[in-house]
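A look at the structure
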Amino acid sequence: MPMLKDPSTKYRLFRPIDLPNRQWPSQTLDRPPRWLATDLRDGNQSLVDPMGSDQKWRYFKMLVELGYKEIEVSFPSASETDYEFTRRLVDTPDVVPDDVALQVLSPCREDLIKRTVESVEGTKTAILHLYLATSPCFQQIVLNHSEQDGIALAVACTKYARSITKDNPSSKTHWQYEFSPETFSDSNLDFVVQICEAVRAAWEPSESNPIIFNLPATVEMSTPNVYADQIEYFCRHITERNKICVSLHAHNDRGCAVAASELGQMAGANRVEGTLFGNGERTGNVDLVTLALNLYSQGIHPKVDFSDIDSVIDVVEESNNIPVNPRAPYGGSLVQCAFSGSHQDAIKKGFQAREGLKDGDPWLIPYLPLDPQDIGRTYEAVIRVNSQSGKGGVAWIIQRHLELDLPRGLQIAFSKVVQQRADAVGRELLAKEIQTLFQDTYHLKGAPRFTLVDYNIAPERSVPFIPEEGRSQNTQNSMRRFEGVVDWDRKEHRITGLGNGALSSLANAMHMLGIDLDVVNYNEHAIGKNKNVQAATYIECTAAGSKERVWGVGIHDDVFQASLNAFLSAASSFMDSRPNGPLSVPQ
């Protein structure tokens, strides 16, 4: 069936509430919320193959190590696996830290509440979580009861839960209570306030042990600002607000769960429930990783630690049997990577500007809102090269792997070589491949066409010198004579030449071999520090009578030798590029 030409005949616009003088738009997030990780309950129930006990065990330990203090571990009345897993946590010494609360979920049915309480009895701190749908849709279609019926059921179940938990003198557990008006985002807000008031009165919370009212976007119905309005409306109208913790549980049906949860906190919520990387029914729960690192990137520690995010991803993917999307915020394998040439160039310049700064200095790198090292990622994956990449990305890789700071002209020339190779192989080039390609292209390894076997450069003394008593000949402005041996394709040739300096004298000497190149660009810098320093030299040459330009690169402990090697590297590249093959060698 095709999409409707007029979808308004089938779907109704969600009507926002009337909330004059709303306050949340002027609020900011300046602290982390109470976190509840529900991976082992809400996340687990959405899996094609739910986790087994050992998988849940490993996942629970990871959540504890990350720093989560409230973990919804199961729906004990739903399956024997969930019940036994919960008992295993409670009965195994030293598994549940004293500051970690186990949360368990139950519908509003006394027999199921009883089994749920039994599953977690004996742990130091437990949160009993009951839910009841409050939207007209569910009341009419699923539950077949009125609003008053719903209030009566919620109150009765709350009182029963209280009698077997916090009012039970034999219980060794400190009990907290959470009530969810399920489908809150599609409910009449005045009714939600009314049912929560009744539940609060039945439980009788205190400021030291507040009741948790979870206000879920069970199905995301509208834009995040509407959800924030709903949260602020509830917070304004509920009484004894100081004895209430307002919790958010946003689903991602419209793709706005992160925004809805952040705006919901601005509207007054104290707690957020979600899963790592957003696993859950349909399009998933809100992603706790994104929420936490959003705070972190604003200078607010989220009180959970993703310093080794890749190890977290390993556990999540193995447990859920669902891959983390490569473009998932922060954790995706590609989110710190740049392939685009303009992006790579900006990132490269950002890192250059940061040289010399301390780790604690303000972070300011184009396209990178978070330092990848803070979550255990290396800089090696920041810039990756394919046929869409430009000079900046290629130069970044060469700089990091070979410590060569390529001049702009060489960046452009070599990036074309890289693009041709990427097009030829039809894929991304690895950093090691680019490094090898550079070394091959500019004859830094292997056998170049020309190598310097032996040489001597000295002032030209052909002009007669009449010495003055006690003074030596001043050769500062004299021409320089190159005399040396060059190996050309494994055959040695003795050459000589005159020039203003070392390079020009070598260039003149190469005329004897039919190589006529003029140096038009020269750059050099040091590699390494202290006694291990080397010289890196970059030379761009033009061929006589041609617009052809070639680059050469030389690296050596001696700066003169590096420059001579760079010229011969350019000569080798010139010979490799000639369409008619090599010149005939003079005999």
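As the structure is a prediction and not an experimental result, all values here were calculated from the model.

Our next topic: the pattern of salt bridges. Counted by the stated rule, this structure contains 29 salt bridges. Taken together, the shared-partner salt bridges in this structure form one network comprising Arg34, Glu70, Glu178, Arg271 and Glu273.

With antiparallel pairing, 3 strands are arranged side by side in an open sheet as E9-E10-E11. Among the strands making up the open sheet, the edge pair consists of strand E9 (450-459) and strand E11 (491-499). Strand-to-strand twist of the sheet, defined as the mean angle between neighbouring strand axes without regard to direction, takes the value 15°. Against the sheet, helix H16 (residues 502-509) makes contact with E9, strand E10 (480-488) and E11, and its axis sits at roughly 125° relative to E11, the strand it touches most. Running at roughly 135° to E9, helix H17 (residues 559-577) makes contact with E9 and E10 of the sheet.

Along strand E8 (residues 271-274), one buried face is formed by Arg271 and Glu273 and the opposite face, lined by Val272 and Gly274, is buried too. Relative to E8, strand E1 (residues 34-37) is paired through 4 bridges, and the arrangement is parallel. If you follow Arg34 over to E8, its bridge partner there is Arg271. Bridge count for strand E7 (residues 244-250) against E8 is 2 bridges, and the pairing is parallel. Residue pairing in the sheet places Leu248 in a bridge with Val272 of E8. Handedness of the crossover joining E7 and E8 through helix H9 (residues 257-266) is recorded here as right-handed.

This part covers helix H7 (residues 189-203). An α-helix turns once per 3.6 residues; consequently, residues spaced three or four apart project the same way. The end-to-end C-alpha distance of H7 is 21 Å, a good match for the 21 Å that 15 residues give at a rise of 1.5 Å each. Judged by how many residues are buried, H7 sits mostly within the fold: 11 of 15 residues are covered. Those residues of H7 not exposed but buried are Leu189, Phe191, Val192, Val193, Ile195, Cys196, Glu197, Val199, Arg200, Ala202 and Trp203. One side-chain oxygen at the N-terminal end of H7 lies 2.9 Å from the backbone nitrogen of Asp190; it belongs to Asn188.

One can find Phe560 in helix H17. As for Phe560 and Ala535, which are separated by 25 residues in sequence, their C-alpha atoms are 8.8 Å apart.

Here we take up the nonpolar core. In terms of nonpolar packing, the biggest core is built from 96 residues, with Phe60, Tyr68, Phe179, Ile231, Leu276 and Phe306 touching the most fellow members. In terms of residue count, H7 provides more of this core than any other element does, 9 residues in total. Sequence-distant contacts of Phe306, that is, excluding residues within four places in its chain, are made with Leu66, Tyr68, Leu276, Val289, Ala292, Leu293, Val312, Asp374 and Ile375. Within the second largest apolar cluster, 28 residues are counted, among which are Trp396, Leu404, Val418 and Trp551.

In this section: the side chain of Thr125. Its place among the elements puts Thr125 in strand E4 (residues 125-133). The class for Thr125 is buried, based on a relative accessible area of 13%. If we skip the residues at most four places from it in the chain, Thr125 touches Val100, Ala101, Leu102, Thr173, His174 and Gln176.

About the thresholds
Residues numbered from 1 in each chain as written. Predicted model: local features only at pLDDT ≥ 70, side-chain atom pairs only at ≥ 80, totals over all residues. Heavy atoms only, no water. Salt bridge = Lys/Arg side-chain N within 4 Å of Asp/Glu carboxyl O. Pairing = 2+ DSSP bridges. Helix = DSSP H or I, 4+ residues; strand = E, 2+ residues; numbered from the N terminus. Axes fitted to C-alpha atoms, helices over the stretch in contact; angles between N-to-C directions. Contact = heavy atoms within 4.5 Å. Buried < 20%, exposed > 50% of the residue type's maximum accessible area, 1.4 Å probe, protein only. Right-handed = clockwise from strand over helix to strand, strands pointing away. Expected span 1.5 Å × (residues − 1). Polar contact = N/O pair within 3.5 Å; in protein donor to acceptor, adjacent residues only side chain to side chain. Core = buried A, V, L, I, M, F, W, Y, C linked by side-chain atoms within 4.5 Å.

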